[in-house]
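Coordinate inspection notes
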Amino acid sequence: MGVEGIGASVKRKEDRRFITGKGRYVDDIKLVGLIHAHFTRSPHAHAKVKGIDSSEAMKMPGVVAVLTGQQIVDDKVGNLICGWAITSKDGSPMKMGAWPAMAPETVRFVGQAVAVVIAETKNQAKDAAEAVVVDYEELEAVPDIRAAIKRGAPQLHPEAPGNVVYDWHIGDEAAVKGAFAKAANVVEMDLTNNRLAPNPMEPRSAIADYDTAEEHYTLYTTSQNPHVARLVLSAFYNIAPEHKLRVIAPDVGGGFGSKIYIYPEEMVALWASKKVGRPVKWTSDRTEAFLTDHHGRDHISKAEMAFDKDNKILGLRVKTHANFGAYMSLFSSAVPTYLYATLLSGQYMIPAIYAEVMGVYTNTTPVDAYRGAGRPEASYLLERMMETAARQLKVDPTELRRKNFITTFPYQTPVIMAYDIGDFGASLDAAMKAIDYAGFAGRKAKAKSEGKLRGIGVSCYIEACGIAPSKAVGSLGAGVGLWESAEVRVNPVGTIEILTGSHSHGQGHETTFAQLISERLGVPISQVQIIHGDTDKVQFGMGTYGSRSLAVGGTAIIKAMEKVEAKAKKIAAHALEASEGDIVIENGEFKVAGTDKSIALPMVALAAYTAHNLPDGMEPGLKETAFYDPTNFTFPAGTYICELEVDAGTGKTSFVNFVAADDFGRLINPMIVEGQVHGGLAQGIGQALLEHAVYDTNGQPVTASFMDYAMPRADDLPSFQLSHTTTLCPGNPLGVKGCGEAGAIGASAAVINAITDAIDNNKLEMPATPNRVWHAIHGKAR
Amino acid sequence: MPTVDLTINGKAVSVDVEDRTLLVHVLRENLNLTGTHVGCDTSQCGACVVHVDGRAVKSCTMLAGQAAGCDVTTIEGIANGDELHPMQAAFRDNHGLQCGYCTPGMIMSSIDIVNRYGGKLDETTVRHELEGNICRCTGYHNIVKSVLDAAGRMKVSQAAE
């Protein structure tokens, strides 16, 4: 490895602008003539909009326009779409209600926009938005899954009887029935996966700028996937054809899934910018973020696992209800199906699996992918089941897992996924060693003597990343392909620009991707520039989510790089009067192997562009593009073990140690990888102990600010002890698997398993607040 | 509109603002100092922390008028030319940032923490003191490392002065 190549913990190239206050986020951008939008939003979870009176608002200072839902419908701006078609058990397509960008007739969650005020200043727009009078007729709301599926429950959408979007299944029901019939032991659990608000620290923001002469729009937006945004805005929302719409996602302050989607506010800003003839900016405040950024998780499940007399798993049966909120968000339908139920085999040989998933509408904010997206729900369910089973069967939980581990690869699970490689025993061993698992009993006894309840909890997760082979996802209902593209441009002076369709919003692509080039060519990363996030610069791309940027986007870079190298070798061979096959690349030089003859990369580049002396028939220039479609998912996996103490008097949990042993395949920049794990763990622990997006019985959100929604803070978390085991992914040339979501997928079960171990009561739901833990200890589970 | 005179990053400035204008909006909107961010509107997240007369203050919680006559330092004002402040350097060296949005506030709060505690900082104290700054990316692990590292560097640079 070179000092800046693969495996080096290079300091990040992008950091200087962030630590000096020079980052450029959407809200930092100012355009000449910029005016501001503020939305009038529904205070009701479910109501008819009988009328909107904007006459007073229009008279207020600085107000340029007040626009309503009916106008956006009249102007034929398209309804919001869901891009993944799921088919129910009975063969019927999923049942979706229409979702206009602003509600013309009915509002279905608190915070849904009904009108927008455009004014000279943000404060003027805010003031006037309060003066817009909306006449609502309140309707009965369904605030959660149980209320939604009750017979006679109020209906959200006429298209979805019983508030059911789909009733889907996967696996072999008869085989599972057979497995349970011959089981020696059966373990059953009811589990809730709590609703979370993603809360990237940068609130969403959009600036839309319409050029009347060119009939061209520019949208600056907080997006994880600007090309997908352009595609959807163009093809489905009728904003403008793609060549008349440029989407720029500059520095973006975190996403965690919530910035994948194309939201009503961006559509309205674009539409309004043409209507008023000036650039329009909208920036969310934090409460708007809680109300309108799409939430994550929110499942209730019943799970049953059958074991034989030797404690080998025979079968798994799962029934899950997933809350979609009031409307079907862009990828929402895939999350509790193909990103969840397909991971229910976990790290284990389970001969028979059958899962049913019912997706339901409720009068709440839409729910879609949040860090991990389906896989945390699967991992939490399975790992709590394994821990519970071990307690019920009176065996050590690590031994029960080990006995059931998949040990030969490739392994075809009964739920679509074909695991390519892994070594689950190695990561379990590494984590057990790191936490001194063998010494735990002694530590627990000592803690007991000091009046503390100490527990240990294990979680062995697996995830499917690098989403995904386009043909495979297409056959499962996806509306898009999930390849990635890259362009490698060697400039005439030998500096290099990499254009990627993935997007960095904290992941450090500017460094990691430059390291790939440094490794191949031996040039310093300072000579390599990564360009992303602008549809006018980058040819196309599917963006960043599902831990795909390196496995899919990085591979596209390698593929483009290979084409550049092949051409550059031809040019070098021609210049050096050598055979192309003898050229090797070392430290930025093209050398004739076994001789002292060489030519430096800048000279090769210059030759390519002057074109004075190229091989006959060769085109000038040194720039190549590749589109890479993955051949399989990648399967990062690992073991997390949490040791903690509970204060029986207060129910408060304190961490003693948290260890993570992950197998991400090859690491390009271990420092960045570890940072990704730290952040994922914090979100998994946050879910386990603190976070919960709560609605009251009328559908009013009660956690709509950081005063009420408990974000993990520095003193809520421990320092983490990380280690890595490695099996190289055979599916891509880098051998990489992805690391962005692992922490969030594996951590929550480890924490809850540790608390339930400490308090010796398995009935505990997330978030395990001191109040809940205290009641669990003192026999009044709630 | 009233006029507010104050010093920002060593320069005297005079701004005309509505009474209700917050300090953070003067920085971002009037002075184009967009390194100071708004993350929550309820004084919880600390993305907007600046120094007012040498102490860390959440600039979304202070009216511009309250800062009249004060000496305000923002993230843009702590490096010495091209030479980073030791806290900035420590955040970079310890990978104490990812998306960078909370980072300016984190750095400004952390400088204040080190100033108040001098050399007597440990992990528990840093974690407790950072309670008013929320980061969603890093899990705080490397932020804590950065602050402890910078505490050492700042002690050395103070001793050298």
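Residues numbered from 1 in each chain as written. Chains lettered and ligands numbered in written order. Predicted model: local features only at pLDDT ≥ 70, side-chain atom pairs only at ≥ 80, totals over all residues.

**Let's talk about the overall build of chain A**
Along the backbone of chain A there are 20 helices and 28 strands. Over its C-alpha trace chain A gives a radius of gyration of 27 Å, about what one expects of a compact globule, namely 28 Å for 782 residues. Counting only C-alpha atoms, chain A reaches 85 × 70 × 50 Å along its principal axes. Out of the 782 residues in chain A, the part that is buried amounts to 59%. If you take every contact in chain A between residues at least 6 apart in sequence, the share linking residues at least 24 apart comes to 80%. (Helix = DSSP H or I, 4+ residues; strand = E, 2+ residues; numbered from the N terminus. Rg over C-alpha atoms; globule rule 2.2 N^0.38 Å. Buried ≥ 20, exposed ≤ 12 C-beta atoms within 10 Å, placed from the backbone. Contact = placed C-beta atoms within 7 Å.)

**With respect to the overall build of chain B**
Looking only at helices and strands, chain B has five helices and five strands in total. Secondary structure elements of chain B, listed N to C terminal, follow the sequence β-β-α-β-β-β-α-α-α-α. Its C-alpha atoms give chain B a radius of gyration of 15 Å, within 12% of the compact-globule value 15 Å for 161 residues. Each of the three principal axes of chain B carries a C-alpha extent, and together these read 45 × 35 × 25 Å. Expressed as a percentage of its 161 residues, the buried residues of chain B come to 56%. Relative to all contacts within chain B whose residues are 6 or more apart in sequence, the contacts with residues 24 or more apart total 61%.

**What to know about the sheet that holds strand E21 (residues 528-531) of chain A**
Residue and element names in this part refer to chain A. The mixed open sheet is built from four strands, whose spatial order is E21-E20-E19-E25. In this open sheet, the two strands that pair with only one neighbour each are E21 and strand E25 (623-628). Put simply, the sheet's adjacent strands are angled 15° from each other on average, direction ignored. The sheet strands contacting helix H16 (residues 549-576) are strand E19 (484-490), strand E20 (496-500) and E25, and the helix crosses E19 at an angle near 40°. (Pairing = 2+ DSSP bridges. Axes fitted to C-alpha atoms, helices over the stretch in contact; angles between N-to-C directions.)

**Examining the domain arrangement of chain A**
Residues and elements named next belong to chain A. The domain architecture assigned to chain A consists of domain 1 (31-139 + 201-254 + 259-292), domain 2 (140-193 + 295-406), domain 3 (420-460 + 636-782) and domain 4 (483-628). Just the C-alpha atoms count here: the centres of domain 2 and domain 3 sit 20 Å apart. Taken together, the contact pairs 25 residues of domain 2 with 29 residues of domain 3. Counting residues per element, the ones that place at least two in the side of domain 2 that touches domain 3 are helix H10 (375-393) and helix H11 (397-404). (Domains from an automatic or database assignment.)

**A look at unusual backbone geometry**
Residues and elements named next belong to chain A. Look at the link from Phe409 to Pro410: it is a cis peptide, with omega at -5°. Inspection of the secondary structure assignment puts Pro410 in the loop between H11 and strand E16 (411-412). For the peptide bond that leads from Met766 to Pro767, omega is -10°, which places it in the cis range. Backbone geometry places Asp436, a non-glycine residue, at a positive phi of 55°. Mapping Asp436 onto the fold places it in the loop between helix H12 (424-435) and helix H13 (440-449). By C-beta crowding, Asp436 is classed as partly exposed, having 13 other C-beta atoms within 10 Å. Here Ala611, not a glycine, exhibits a phi torsion of approximately 60°, which is positive. The topology assignment puts Ala611 in the loop between helix H17 (601-610) and E25.

**So, helix H3 (residues 103-117) of chain B**
Along its 15 residues, H3 of chain B runs 21 Å from first to last C-alpha, staying within 8% of the 21 Å computed at 1.5 Å per residue. Among the 15 residues of H3 of chain B, 11 are classified as buried, and the element is accordingly described as predominantly covered. (Expected span 1.5 Å × (residues − 1).)

**Things to note about the interface of chain A and chain B**
With 40 residues of chain A at the interface, the matching set in chain B holds 44 residues. Looking at the side of chain A that touches chain B, the elements with two or more residues in it are helix H1 (15-19) and helix H18 (670-689) of chain A. Per-element tally for the side of chain A that touches chain B: the top contributor is H18 of chain A, with seven residues. Across the side of chain A that touches chain B, the residue classes tally to 16 nonpolar, 13 polar and 11 charged. (Nonpolar A, V, L, I, M, F, W, Y, C, P; charged D, E, K, R; others polar.)

**Remarks on the sheet that holds strand E9 (residues 205-211) of chain A**
Pairing between sheet strands relies on hydrogen bonds along the backbone, with the strands arranged either parallel or antiparallel. Residues and elements named next belong to chain A. Strands sit in the order E3-E5-E1-E12-E9-E10-E11 across an open sheet of seven strands; the sheet is mixed. The open sheet has two edge strands with one neighbour each: strand E3 (63-68) and strand E11 (245-248). Ignoring which end each strand starts from, the neighbouring axes of this sheet average 20° apart. Here E9 pairs with strand E12 (residues 280-283) via four bridges, running antiparallel. Each residue of the ladder has a partner; that of Ile207, found in E12, is Lys281.

**Regarding the packing of H10 of chain A against helix H19 (residues 742-759) of chain A**
Residues and elements named next belong to chain A. Axis separation between H10 and H19 bottoms out at 8 Å; the angle between their running directions is 30°. On the basis of their axis angle, the class for H10 and H19 is roughly parallel. In the crossing of H10 with H19, the sense of the turn from one axis to the other is right-handed. Of H19, the residues touching H10 (which contributes Arg375, Pro376, Ser379, Tyr380, Glu383, Arg384 and Glu387) are Ala744, Ile745, Gly746, Ser748, Ala749, Ile752 and Asn753. Here the residues of the contact of H10 with H19 are counted per class, giving six nonpolar, four polar and four charged. (Parallel < 35°, antiparallel > 145°, perpendicular 65-115°, else oblique. Left-handed = near helix turned anticlockwise from the far one by under 90°.)

**As for the pairing of strand E26 (residues 637-646) of chain A**
Residue and element names in this part refer to chain A. In terms of residue burial, E26 counts as a mostly covered element, since 10 of its 10 residues are buried. Side chains Ala637, Thr639, Ile641, Glu643 and Glu645 of E26 all project onto a buried face; the interleaved residues Gly638, Tyr640, Cys642, Leu644 and Val646 project onto the opposite face, where all are buried too. Sheet analysis places strand E18 (residues 453-462) next to E26, joined by 10 bridges and oriented antiparallel. Looking across to E26, one finds that Ile456 is bridged to Glu643. Hairpin connection of E26 to strand E27 (residues 653-663): six residues between the antiparallel strands, including Gly651 at a positive phi of 80°.

**Concerning the environment of Pro351 of chain A**
Residue and element names in this part refer to chain A. By the secondary structure assignment, Pro351 is in the loop between strand E14 (313-323) and strand E15 (352-360). Look at Pro351 and you get partly exposed, because 17 C-beta atoms sit within 10 Å. In this structure, Pro351 is in contact with Ala179, Leu314 and Gly315, ignoring residues within four places of it in sequence.

**Re the pairing of E21 of chain A**
Residue and element names in this part refer to chain A. The two faces of E21 differ: Val528 and Ile530 on one face are buried, but Gln529 and Ile531 on the other face are not. Across four bridges, the pairing between E20 and E21 is parallel. Its bridge partner lying in E21, Leu499 is registered against Ile531. Note that the unit made of E20, helix H15 (residues 509-521) and E21 has a crossover that is right-handed. (Right-handed = clockwise from strand over helix to strand, strands pointing away.)

**Section: the packing of H15 of chain A against H16 of chain A**
Any two packed helices are characterised by the angle at which their axes cross and by the distance between the axes. Residue and element names in this part refer to chain A. Here H15 crosses H16 at 35°, and the two axes come no closer than 11 Å. Along this stretch, H15 crosses H16, giving a crossing that reads as right-handed. For the pair formed by H15 and H16, the contact residues are His509, Thr512, Phe513, Leu516, Ile517 and Arg520 on the first element and Ser549, Leu550, Gly554, Ile557, Ile558, Met561 and Glu565 on the second. Partitioning the contact of H15 with H16 into residue classes produces seven nonpolar, four polar and two charged.

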